Amino acid sequence: MSAIAVAAAGRRFTGRRIASAALWTVGGVAFGICMAVTLPLLLGLKSLTVLSGSMSPTIQVGDIVVVKQMSALEARVGDVVTFREPSDPGRLITHRVRKISVADGVVSFETKGDANTSVEEWTVASGGSIGVVLYRVPKLGYVLFHVRGPFGRLLLVVLPALLLGGYELWRIWRPEPTTTAEATDAA
């Protein structure tokens, strides 16, 4: 085999290794992010997308927070909790607990967003529950927002199918690599 053929084979081998490492790295990161958001669902936790900047810089707009339900009596000052807004029960708020008091079977909370100047005062029955934020996944909420739409879902089905189809066509139609014996016979 000539020196040029050996050098070309070495470059091809190195290029394949780099491409393979890059694909495995991207795939591993994507898998880790997916697991950080979907695994909690299997454990009874909830993932919520943050839509306001009231908790900046701790939690940013577009972050995903993973929340665990707990008894209102378990909350502590300093916890970041998710609760239903008293004036609009369909809306969830995630703010930091500043003050807690218990009286007559009712837990009273004072909470405040880190970026807010005003506080909220709200109550929960002592047997009730609230959510406590376990962790956040930065900026993934933007991706999920677009994925939940019809274009995003179509893209999640069509793009992998096209990539898989293209890869299979490449495997079928690519030229056969020449072996060492064939290269010496041709010379």
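The structure presented is a predicted model; accordingly, all values stated were derived computationally and were not measured.

Within the protein chain one finds four helices and seven strands. For the protein chain, the succession of helices and strands along the chain, N to C, is α-β-β-β-β-β-β-β-α-α-α. A burial count over the protein chain gives 25% of its 187 residues as buried. Here the contacts in the protein chain between residues at least 6 apart in sequence split such that 50% fall between residues at least 24 apart. Looking at the protein chain as shown, the accessible area adds up to about 12900 Å², and 65% of this sits on carbon and sulfur atoms.

To continue, consider the sheet that holds strand β3 (residues 80-85). Spatial ordering of the open sheet is given by β1-β2-β7-β3-β4-β5-β6, a layout of seven strands whose pairing is antiparallel. Each having just a single partner strand, β1 (46-49) and β6 (120-125) make up the two edges of the open sheet. Mean inter-strand twist for the sheet, computed between neighbouring axes without regard to direction, equals 50 degrees. Direction of pairing for strand β5 (residues 106-112) relative to β6: antiparallel, over a ladder of six bridges. Note on β6: the bridge partner recorded for Glu110 is Glu121.

Another aspect to go through is the pattern of salt bridges. According to the stated counting rule, one finds five salt bridges in the structure shown. With a closest N to O distance of 2.9 Å, Arg96 and Asp114 form a salt bridge. With a gap of 18 residues between them, Arg96 in strand β4 (residues 88-103) and Asp114 in the loop between β5 and β6 connect regions that are remote in the sequence. On the basis of relative accessibility, which here comes to 30%, the residue Asp114 falls in the partly exposed class. Between Glu110 and Arg98 there is a salt bridge; the shortest N-O distance is 3.7 Å. With Glu110 in strand β5 and Arg98 in strand β4, the pair connects residues that are twelve residues apart, well separated along the chain. On the basis of relative accessible area, Glu110 is assigned to the buried category, the value being 17%.

Here we come to the nonpolar core. In terms of nonpolar packing, the biggest core is built from 13 residues, with Met70, Val81, Phe109, Trp122, Val124 and Ile130 touching the most fellow members. Looking at this core, the elements that each hand over two or more residues are β3, β4, β5, β6 and β7 (129-137). Those residues within four positions of Trp122 in sequence are excluded, and the remaining contacts are Val81, Phe83, Pro86, Val107, Ser108, Phe109, Thr111 and Ile130.

In this section: the confidence of the model for the protein chain. In this model, the protein chain carries an average pLDDT of 85, and 88% of its residues clear a pLDDT of 70 or more. Looking across the protein chain, the model is least confident in helix α4 (residues 180-186), with a mean pLDDT of 59, and most confident in β5, with 96.

Let us now look at the environment of Ala75. With respect to the helices, strands and loops of the structure, Ala75 is situated in the loop between β2 (64-71) and β3. Considering only alpha carbons, one finds Ala75 and Val107, 32 residues apart in sequence, at a separation of 9.8 Å. Not counting the four nearest positions on each side in its chain, Ala75 is found in contact with Met70, Ile100, Phe109 and Ile130.

Our next topic: the packing of aromatic side chains. Under the definition given, this model contains three aromatic pairs. Three or more aromatic residues joined by ring pairs form one cluster here, namely Phe83, Phe109 and Trp122. Positioned over the ring face of Trp170 is Arg174, at 5.0 Å from the centre of the ring.

Thresholds applied
Residue numbers here run from 1 along each chain, matching the order of that chain's written sequence. Totals for whole chains, interfaces and linings use all residues, but because this is a predicted model, local features are given only for residues with pLDDT of at least 70 and pairs of side-chain atoms are given and counted only at 80 or more. Calculated side-chain values reflect all of the structure's heavy atoms, with hydrogen atoms and water omitted. The numbering of helices and of strands both runs from the N terminus, where a helix is a DSSP run of H or I of at least 4 residues and a strand a run of E of at least 2. Classification of residues uses two cut-offs on accessible area relative to the type maximum, computed with a 1.4 Å probe and protein chains only: under 20% is buried, over 50% is exposed, and between them is partly exposed. Here a residue-residue contact requires only that any non-hydrogen atoms of the pair lie within 4.5 Å. All accessible areas in this document rest on Shrake-Rupley with a 1.4 Å probe, and a residue is counted as covered only by the protein chains that are shown. Strand pairing follows a simple DSSP-based rule, namely that at least 2 bridges must link the two strands. Where helices are involved, their axes are fitted lines through C-alpha atoms of the stretch in contact, as for all axes, and angles between N-to-C directions lie from 0 to 180°. The working definition used for a salt bridge is a side-chain nitrogen of Lys or Arg within 4 Å of a carboxyl oxygen of Asp or Glu. Nonpolar core, defined: a set of buried Ala, Val, Leu, Ile, Met, Phe, Trp, Tyr and Cys residues in which side-chain atoms within 4.5 Å join the residues together. How sure the predictor is of each residue is captured by pLDDT, a score from 0 to 100. Pairing of aromatic side chains requires ring centres within 6.5 Å, counting the rings of Phe and Tyr and the six-membered ring of Trp. Pairs whose planes differ by under 30 degrees are stacked, by over 60 edge-to-face, and all others tilted. Here, a charge over a ring means that NZ of Lys or CZ of Arg falls within 6 Å of the ring centre while also lying within 35 degrees of the ring normal.

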